[in-house]
Amino acid sequence: VKREALLVVDDEEILREFLRETLARAGYAVGVAADGDEALGALERDAYALVLMDQSMPRRDGLDTLGAIRRAHPRLPVVMMTAYGTVESAVAAMRLGAVDYVQKPFDAERVEEVVERVLEVARLREENARRVARLAPVEPSSSLIGRGPAMQQVLVAVRAAAASRSTVLVTGESGTGKELVARAIHEMSPRAARPFIKVNCAAIPEGLLESELFGHERGAFTGAVRSRAGHFEAAHGGTLLLDEVGEAGSAVQAKLLRVIQEREVTRVGDAKTLRVDVRLVATTNRDLRAEVNEGRFRGDLYYRINVIPIHLPPLRDRREEIPGLAEHFARRIAAETGRPAPVIAPEAMRKLSAHAWPGNVRELENVVERAVVLGGGGRIEADAVALDGEVCGAHGALRAAPSAGEPAGTLDRLERDVILATLREENGNRTRTAARLGVSVRTIRNKLSRWRSEGAPLPEVCRAD
Ligand SMILES: Nc1ncnc2c1ncn2[C@@H]1O[C@H](COP(=O)(O)OP(=O)(O)OP(=O)(O)O)[C@@H](O)[C@H]1O
Ligand SMILES: [Mg+2]
């Protein structure tokens, strides 16, 4: 069977012929070019699935040609052939957009392996792009809100990703919903009943890395008193979330690349390898392409992770979602805290819609949470909406909003602050406090006695019964 067409670019005739034969025997249609200009000409005339190119060539060298190919055919994968021992030039090639490299001298097997792998990723990408294009609009799920055009695109991609097992890279600023999207992909996939495991790539200590990811046998190292499965094994049959993959150190990156390629893991201190069937979803709030360019992230790993890219735009670029999200959060938080479903006053909604939301959806969620709790149920007015550390009105009840530095505080904590502040203003009068906060006197009394028994610091006026 004729498979994809490959273009081999090398100024040395012997090598060109060796590659032509090798790859033709492996079933590919092979075109050849002796230099960069010939290569560009060949790419104009015929469609190729991959270019295998020597880095050092007379006249127009490999890197220069690579740049020209990237501009003219941005989606065409290019694998560079670099001289032995010149890691820098391989790195330079990856930065310029090569998807992989092979070092000379290489044998037939090695070239075939790299070509096969790169084409596999390219095929998956094409397939997913086609699938996304075919899909109809999606009803947002109950947990993932998205009615506007930007989120509709995301939801279509989420559904397409759920149906495949290719690796997904979810990008977006902090708080845009990357983890939620990762979970949605798992939940909509045939793997939904199997485990969803999250690994925070920034938080794995280098020394524990292998054992965390791959597990260990008893006695593998000091302190390994029991054997333990690693994250990959635990996620077998399910989905593994590589959270903040852009933070992974170079050792982690190397290990990840290996598992992605081999699909098998070895526990530390064990001789046998285990095949793992794991769907990977990675998230990052960095521009990984730029990280690759700056040499901080491996280009080959990036290429393998970024098979299905899903980008979450910042909330300020999809303001049409703000009302839907705000209402969703208000209902959920009211239900969680036993309050009636609140109505968001038009003025309050206008304030929410106009804000810049540097913290994105998470910031909106926190602001609505605070407004619901302070509003005491019923209607959320504009003065209950505290933005950017601005002190919240809440009918004058709360004097100090938690400052940006300290943890935002739990609902319980916020509630306590509000009740105590109001009590202080009312000189300890519980009836007036209850009336102002829209709750019963019994609620105030019960809460005070619980806080007292928990040893919470209560101001003087609140102590007397
Ligand atoms: N479209 C959405 N619908 C409903 N809730 C959302 C949506 N997007 C985000 N959220 C909520 O916003 C919060 C932040 O989302 P999430 O943790 O997924 O963000 P993230 O991009 O992973 O952030 P970070 O980069 O800081 O880890 C979560 O509580 C999540 O449930
Ligand atoms: Mg996250």
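Please refer to the structure higher up on the page.
J.: Lay out the overall build of the chain in plain terms, naming residues and giving numbers.
T.: Of regular secondary structure, the chain possesses 19 helices and 16 strands. Counting all 465 residues of the chain, 49% fall into the buried class. Considering only intrachain contacts with a sequence separation of at least 6, the fraction spanning at least 24 residues in the chain is 68%. Of the roughly 22000 Å² of accessible surface on the chain, 51% is carried by carbon and sulfur atoms.

J.: Account for the packing of helix α13 (residues 322-336) against helix α14 (residues 346-354), naming residues and giving values.
T.: Look at α13 against α14: their axes get within 10 Å of each other, and the N-to-C directions meet at 120°. The orientation of α13 with respect to α14, classified from their angle, is oblique. As α13 runs across α14, the sense of the crossing is right-handed. Here α13 contributes I322, P323, A326 and E327 to the contact with α14, which in turn contributes M349, L352 and S353. Among the residues forming the contact of α13 with α14, the class breakdown is 5 nonpolar, 1 polar and 1 charged.

J.: Break down the nonpolar core for me, with residues and values.
T.: Formed by 42 residues in total, the largest nonpolar core has its most connected members in L23, L52 and I310. Considering every element that reaches this core, the biggest residue donor is helix α5 (residues 108-134), with 7 residues. Beyond its immediate chain neighbours, meaning those up to four positions away, L52 contacts L7, V8, V9, L19, L23, V79, M81, V102 and V111. Formed by 29 residues, the second largest nonpolar core is a distinct cluster that contains V199, L209, V259 and A282.

J.: Lay out the site of ligand 1 in plain terms, naming residues and giving numbers.
T.: Looking at ligand 1, there are 19 residues lining it, with I145, S174, G175, K178 and E365 nearest. Contact distances for ligand 1 include 2.6 Å between an oxygen atom and a side-chain N or O atom of S174. For ligand 1, whose free accessible area comes to 630 Å², the fraction covered by protein is 87%. When contributions to the shell around ligand 1 are tallied by element, the ones reaching two or more residues are α7 (178-188), α13 and α15 (360-375). A breakdown of the residues in the shell around ligand 1 according to their chemical character gives 7 nonpolar, 6 polar and 6 charged.

J.: Talk me through the pairing of strand β3 (residues 50-54); I want residue IDs and the actual numbers.
T.: Most of β3 sits out of view: 5 of its 5 residues are buried. In β3, alternate side chains face the same way, and those of L50, L52 and D54 on one face and V51 and M53 on the other are all buried. As defined by bridge partners, strand β1 (residues 5-9) adjoins β3 across 4 bridges and the pair is classed as parallel. Directly across from V8, in β3, lies its bridge partner L52.

J.: Break down unusual backbone geometry for me, with residues and values.
T.: A cis geometry characterises the amide bond from K104 onward to P105, with omega recorded as -5°. Assignment of secondary structure puts P105 in the loop between β5 (100-103) and α5. Of note, E244 is a non-glycine position whose phi angle comes to about 55°, a positive value. Mapped onto the elements, E244 comes out in the loop between β10 (239-243) and α10 (250-262). Although it is not a glycine, W357 adopts a positive phi angle of roughly 50°. Tracing the chain through its elements places W357 in the loop between α14 and α15.

J.: Explain the sheet that holds β10 residue by residue, including any values.
T.: Spatially, 5 strands are ordered β7-β10-β13-β6-β14 in an open sheet, and the strand pairing comes out parallel. Of all strands in the sheet, those bounded by a partner on one side alone are β7 (196-200) and β14 (308-312). In this sheet, neighbouring strand axes are inclined to one another by 20° on average, regardless of whether the strands run parallel or antiparallel. In terms of strand pairing, strand β6 (residues 168-172) meets strand β13 (residues 279-284) through 4 bridges, oriented parallel. Bridge pairing in β13 places V170 opposite T283. In the packing of helix α6 (residues 149-163) onto the sheet, the strands contacted are β6, β13 and β14, and the crossing angle to β14 comes to about 150°.

The rules behind each value
Residues numbered from 1 in each chain as written. Chains lettered and ligands numbered in written order. Predicted model: local features only at pLDDT ≥ 70, side-chain atom pairs only at ≥ 80, totals over all residues. Heavy atoms only, no water. Helix = DSSP H or I, 4+ residues; strand = E, 2+ residues; numbered from the N terminus. Buried < 20%, exposed > 50% of the residue type's maximum accessible area, 1.4 Å probe, protein only. Contact = heavy atoms within 4.5 Å. Areas by Shrake-Rupley, 256 points an atom, 1.4 Å probe, with all protein chains shown as cover. Axes fitted to C-alpha atoms, helices over the stretch in contact; angles between N-to-C directions. Parallel < 35°, antiparallel > 145°, perpendicular 65-115°, else oblique. Left-handed = near helix turned anticlockwise from the far one by under 90°. Nonpolar A, V, L, I, M, F, W, Y, C, P; charged D, E, K, R; others polar. Core = buried A, V, L, I, M, F, W, Y, C linked by side-chain atoms within 4.5 Å. Near = heavy atom within 4 Å. Polar contact = N/O pair within 3.5 Å; in protein donor to acceptor, adjacent residues only side chain to side chain. Pairing = 2+ DSSP bridges.

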